[in-house]
Amino acid sequence: MASDTIRSPFDPRHLSNDLMAGLVTFLVALPLCLGIASASGVPPVAGILTGIVAGLVVGWFSGAQLMVSGPAAGFIAVVAIQIEALGTFEAVLVATIIAGLIQIGMGLAQGGFFKAFVPTSVVRGLLSAIGVILILKQIPHLFGHDKDFEGEMSFFQPDKETTFTEIFNLVPNFHTGAAVLGVVSFILIMAWGRLAVTRRSGVPAALVVVVLGVATQIAFESMVAGEQLSSAWGIGPTHRVQVPVAASVRDLIGGFPKPDFAAMASPAVYVAALMIALVGSLQALLTSEAIDRLDRQRRTTPANRELIAQGLGNCVSGLIGGLPLTGEIVRSSVNIDAGARTKRSALIHGILLTIALGVFPWVINLIPLSCLAAILIATGLRLASPAVVQEMWAAGRYQFIPYLVTLVAIVLTDPLVGIIIGLVVSAGFILWSNLRRPMKLFVEHHLAGDVTRIELANQVSFLNRAALRRTLDSVPRGRHVLIDAHDTVYIDPDILALIRDYRDAIGPARGVQVSTRGFRDRYDIADSIQFVDFVSRELQQGLTPGEALEFLLRGNARFSNGRQMKRDYNRQMSATAQGQHPIAAVLHCIDSSSPAELIFDLGLGEIFSIRVAGNIATDEVLGSIEFATAVSGAKLVIVLGHTRCSAVGAAVQMACHPDRPVGPECKHLPSVVDSIGRVVDPELCSLPAGTSASRLQEVIDEVARRNIVQVVREIRHESQAIERLVSEGTVGIVGMLYDVTSGEATIVPGTAAGLPEAVVEKAIREGIAAWA
């Protein structure tokens, strides 16, 4: 891939790719330019002039590498309306020049920022809609039904037909020669990229199809003239590209429309210019965004530079007699399919349009429209791929519905109207989502009691007032409420007034204690926490061992389900600076992937954590547990082993292979390994050589469980202080195994003492689900 990276817009390594792509794009753009001009009610040469300017001027100044501009179907109605409003096409040319100046001003004023706010669903809908339109509109041309011009994109056509009725009219208007050539061309295009020989040739299938089409058309005409084929096989001028042929260069230039600058005195010209500028800018920005998504190099078109380039293009196009231009997605898609790598292909397409207009229009007029239809249908199939529909469906309704609405709206209207409808629907979904979920609601379980936590959304507008009021009204009497605005950027004054009123009057009147935090300084709502979110001495002393175990099991349920509690660690740090009052002492392995504080979703100072390889009970470990319980008042001792333990694995290795010491130079390590090795069953060492890795892991995990049982016994046997506390019911002790893959900590049967049997049995029987 590194060798394929584009180093500059005119990288010489990709000249052949751009030449081929420019040629194919030119072949498709030519009839589109002619058709759009004819449909707009202006001389056909105006369409070609627009394409030339789009290729040479916009192509040169644009920062887009693969987008090709030109006259667009979306401008047909705009031009027709403005000709009627201003009286002449010459006046529209003046409006086009002024529109270009407006676009240049928009670019200089950084107006391209709009592009960043277009949802992905709308852009994907635009691409798929153009694909569907190409397929539906080109099917008649594929079979020789060429009544409508190339580039006609409207669903409701000017001739009172629709896209569908035009397809239904194929049977009586079927043309044998054009249809056979069109179908063969389409098959050739689809097969070309699948055959290794043709794929490696580097020649675009579209170019082969056009050359084949010209040759076949000439052969058919010759055979019809020689009466070897019937006239139905002849592909006449009405089924081919029709470029105007001038008698001389002077006649050609003399036919160019010229702007009527006297029209500048009319205010209507400036209204028309503003409309052209807005329509052209919006389509160019959205087209560039769509084409950037098709770019294999994932390059980004600079939006403001694109507006300036489009503005320069419209100024030049209006001066020489062309139509308004914009970024055009059909030409751009064909350009990408043909293998373009840089914007050089757009320049080449402009040069070829110039040559075609002035040098050899008669050669271009030999190209059958059915061949071009085959190229466009193949492009449409790539744009409207079923894989895209499936991807958008999988993204959920908030993506799929705006995508589908955009697609259908563009097919039934035009790209600009469809995009606007798609944007409105997307905005509606965003608003609806905000209305429904302006906040997240959690119930946090603290030792001091439950707290209802209301986490405000990023933006909270006056439209969310009713939802927030319902949430606050639903808080039961006597509860604590925390309104958290840490992630909120904007809060409407109405919302702020509601929060203050609830904090100062409504909440207290209902016996609800209201806490606030995270509000920005300008909202004048200070952090105020009315509940205890750390372990105080009073809470510790009032806690039983069973309650401590339930509290930790509930925390592990949150951790394993990915629903950890949000904590204010700065506040907890200050609160615990004068002393800590742990509820438990947890002895766990240094090799565990997660510390106990995370496994049980705890705050600062809520446990004393003791980590040692293999969670073994050395004198230092026993002293630490005695300090935690007898001195600091912890209510629970947990021996926490874990699966996939390397320390246990080393102990198994040493027990089974004493001649292979682990860490031979580590003189203190054997005491750890030997301590664990006492619970290794000799039968485990007799496993056959071919035992699977999963079976070996099961053996190590079983040794880890036995080690937990052994360590619990040792703690109670070796420490009279801990045994006394357990016997009195002041402290509970239990062994647990932490699964490093699921995050669940489960009680090892036979290890619990000083704890309610009901709690232990429930935890063993139902696991974490009982506390989730």
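Everything quoted here is computed from the prediction, not taken from an experiment.

**Topic: the overall build of the chain**
A tally of helices and strands in the chain yields 31 helices and 13 strands. A compact globule built from 772 residues would reach a C-alpha radius of gyration of about 28 Å, whereas the chain, at 38 Å, exceeds it by more than 25%. C-alpha atoms of the chain, sized along the principal axes, occupy 115 × 75 × 50 Å. Long-range pairs, those at least 24 residues apart, make up 77% of the contacts in the chain with a sequence separation of at least 6. Summing over all exposed atoms, the chain offers an accessible surface of approximately 33,900 Å²; the carbon and sulfur share of this is 60%.

**Focus on helix α7 (residues 176–192)**
Residues separated by three or four positions in an α-helix point in the same direction, a consequence of the helix having 3.6 residues per turn. When the terminal C-alpha atoms of α7 are compared, their 24 Å separation across 17 residues agrees well with the 24 Å that a helix rising 1.5 Å per residue should span. Considered for burial, the residues of α7 that qualify are G177, A178, A179, L181, G182, S185, I189 and W192. Considering only its buried residues, α7 is in contact with α5 (120–142), α8 (196–201), α9 (205–225) and α16 (369–383).

**Quick look at the packing of helix α26 (residues 619–631) against helix α30 (residues 720–728)**
Packing of α26 against α30 brings their axes to within 9 Å, and their N-to-C directions diverge by 40°. In this view, α26 runs oblique relative to α30, as classed from their interaxial angle. In the packing of α26 onto α30, the handedness of the crossing is left-handed. Between α26 and α30, the residues in contact are L622, I625, E626, T629 and A630 and A721, I722 and L725, respectively. Across the contact of α26 with α30, the residue classes break down as six nonpolar, one polar and one charged.

**Section: the confidence of the model for the chain**
Per-residue pLDDT for the chain has a mean of 86; in total, 95% of the residues score no lower than 70. The lowest-confidence element of the chain is helix α10 (residues 249–254), averaging 63 in pLDDT; the highest-confidence one is strand β12 (residues 732–738), averaging 96. Note that residues 1–7 has pLDDT below 50 and, in this model, 15 contacts with residues that lie over four places away or in other chains.

How each quantity is defined
Residues numbered from 1 in each chain as written. Predicted model: local features only at pLDDT ≥ 70, side-chain atom pairs only at ≥ 80, totals over all residues. Heavy atoms only, no water. Helix = DSSP H or I, 4+ residues; strand = E, 2+ residues; numbered from the N terminus. Rg over C-alpha atoms; globule rule 2.2 N^0.38 Å. Contact = heavy atoms within 4.5 Å. Areas by Shrake-Rupley, 256 points an atom, 1.4 Å probe, with all protein chains shown as cover. Expected span 1.5 Å × (residues − 1). Buried < 20%, exposed > 50% of the residue type's maximum accessible area, 1.4 Å probe, protein only. Axes fitted to C-alpha atoms, helices over the stretch in contact; angles between N-to-C directions. Parallel < 35°, antiparallel > 145°, perpendicular 65-115°, else oblique. Left-handed = near helix turned anticlockwise from the far one by under 90°. Nonpolar A, V, L, I, M, F, W, Y, C, P; charged D, E, K, R; others polar. pLDDT = per-residue confidence, 0-100.

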